[in-house]
Amino acid sequence: MSVETTQKADAELTIQRVFDAPRDLVFEMWTRKEHLDRWGCPEGMTIPVSEGDIRTGGWFRTCMRGSDGAEHWVSGAYREVSPPERIVFTHAWDDEKGDRGHETVVTISFSETADGKTRMHFHQAFFASDASRDGHAEGWTSCFRRLDALLAQAA
């Protein structure tokens, strides 16, 4: 496993990661609810509620619950789902009334490596602040550790 995180001054986040699993399986982990519910939140959190339609033109809404019981809702729309190469979706946190906050766009591309692994290029932009970007970097990195462990179990 290799990881490279880049944080730019204009509040973009880029994460490069290599998973020790075939591209089709990594893509499936991103596009099947039963998998996303197991790794799609940072360590120490759970996903008690998730719903959506993972396809181009689809949508999602997910609740992440912390160990303290606090709930964090996120929602978005799928702009592109192109198996097994690319996923593009919007991402915004919902407040307690269900109103959407600042929206970013997440673009993920997957490529095969010569040794049968999967290189993931993750990009999220544009954040309202560097602090928001940095918080997302920490959260996504934690999620990707969970994904890595799930892929190891599936192998």
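Structure's up top.
Summarised in this report is the structure supplied together with it. (Residues numbered from 1 in each chain as written. Predicted model: local features only at pLDDT ≥ 70, side-chain atom pairs only at ≥ 80, totals over all residues. Heavy atoms only, no water.)

## Observations concerning the pairing of strand β2 (residues 13–19)
For clarity, the cut-off: For every residue, the accessible area (1.4 Å probe, protein chains only) is compared with the maximum for its type, and the residue is labelled buried under 20%, exposed over 50%, or partly exposed between those bounds. A run of DSSP states H or I qualifies as a helix once it reaches four residues; a run of E qualifies as a strand once it reaches two. Both are numbered from the N-terminal end. At least two bridges found by DSSP between two strands are what make those strands a pair.
Taken across its 7 residues, β2 has 6 buried, putting it largely inside the fold. Taken together, the 7 bridges between β2 and strand β8 (residues 118–125) define a ladder with antiparallel strand orientation. Bridge pairing in β8 places Arg-17 opposite Met-120.

## Quick look at the environment of Gly-139
Tracing the backbone shows Gly-139 in helix α3 (residues 130–154). When its relative accessible area of 17% is taken as the criterion, Gly-139 is described as buried.

## Topic: the side chain of Ser-142
Filter applied, for reference: When checking whether two residues touch, look at their non-hydrogen atoms; a contact exists if any pair is within 4.5 Å.
When you line up the elements, Ser-142 lands in helix α3. Residue classification places Ser-142 among the buried residues on the basis of a relative accessible area of 6%. If sequence neighbours within four positions are ignored, Ser-142 has contacts with Pro-42 and Glu-43.

## Here's the deal with the pairing of strand β5 (residues 71–82)
Where strand β4 (residues 59–65) lies against β5, 7 bridges are found, and the strand directions are antiparallel. Directly across from Arg-61, in β5, lies its bridge partner Ser-75. In this antiparallel pair of consecutive strands, β4 and β5, the connection spans 5 residues, and Gly-69 shows a positive phi of 90°. As paired elements, β5 and strand β6 (residues 86–94) share 7 bridges and run antiparallel to each other. Across the sheet, residue Val-81 finds its bridge partner in β6, namely Ile-87. Taking the residues that link successive antiparallel strands as the turn, the β5-β6 hairpin has 3 residues.

## Things to note about the pattern of salt bridges
Oppositely charged side chains can pair when the atoms bearing their charge come close. Heads up, the rule is: Just to be clear on terms, a salt bridge is a Lys or Arg side-chain nitrogen sitting within 4 Å of an Asp or Glu carboxyl oxygen.
Inspection of every chain in the model, using the stated rule, returns 14 salt bridges. Put simply, Arg-17 and Asp-148 hold a salt bridge, and the shortest N to O gap is 3.9 Å. Separated by 131 residues along the polypeptide, Arg-17 in strand β2 and Asp-148 in helix α3 bring together distant segments of the chain. Taking the shortest distance from any N to any O, the salt bridge between Lys-33 and Asp-37 comes out at 2.5 Å. Of the two residues, Lys-33 and Asp-37 are both situated in helix α2 (residues 33–39); the distance of 4 residues between them amounts to about one turn of the helix. The exposure class assigned to Lys-33 is partly exposed, which follows from its relative accessible area of 42%. A single network of salt bridges, built from pairs that share partners, joins Glu-28, Arg-32 and Glu-34.

## Considering the packing of aromatic side chains
Note the cut-off: Only the six-membered ring of Trp is used, alongside the rings of Phe and Tyr, when aromatic pairs are assigned; centres must lie within 6.5 Å, and planes under 30 degrees apart are stacked while those over 60 apart are edge-to-face, with the rest tilted.
If you walk through the whole model with that rule in mind, you get 13 aromatic pairs. Ring geometry for Trp-30 versus Phe-144: centroids 6.1 Å apart, planes at 55°, classification tilted. Here Trp-30, found in helix α1 (residues 23–31), pairs with Phe-144, found in helix α3; they are 114 residues apart in sequence, far enough to count as distant. Here the aromatic cluster, defined as three or more aromatic residues joined through ring pairs, consists of Phe-19, Phe-27, Trp-30, Trp-39, Phe-110, Phe-122, Trp-140 and Phe-144.

## Topic: the nonpolar core
For the record, the criterion: In this text, buried Ala, Val, Leu, Ile, Met, Phe, Trp, Tyr and Cys residues form a nonpolar core when linked through side-chain atoms within 4.5 Å.
The biggest cluster of nonpolar side chains holds 34 residues, and the ones touching the most others in it are Trp-30, Trp-39, Phe-89, Ile-108, Phe-122, Trp-140 and Phe-144. No other element matches the 7 residues that α3 contributes to this core. With residues near it in sequence (within four places) discarded, Ile-108 still touches Trp-30, Glu-85, Arg-86, Ile-87, Phe-89, Met-120, His-121 and Phe-122.

## What about unusual backbone geometry?
Negative phi is the rule for most residues except glycine; trans is the rule for most peptide bonds. Residue Pro-83 is joined to Pro-84 through a cis peptide bond whose omega torsion reads -15°. Within the fold, Pro-84 resides in the loop between β5 and β6. That bond from Ala-125 to Phe-126 is cis: its omega, -15°, falls within 30 degrees of zero.

These values are about where atoms sit, not about what they do.
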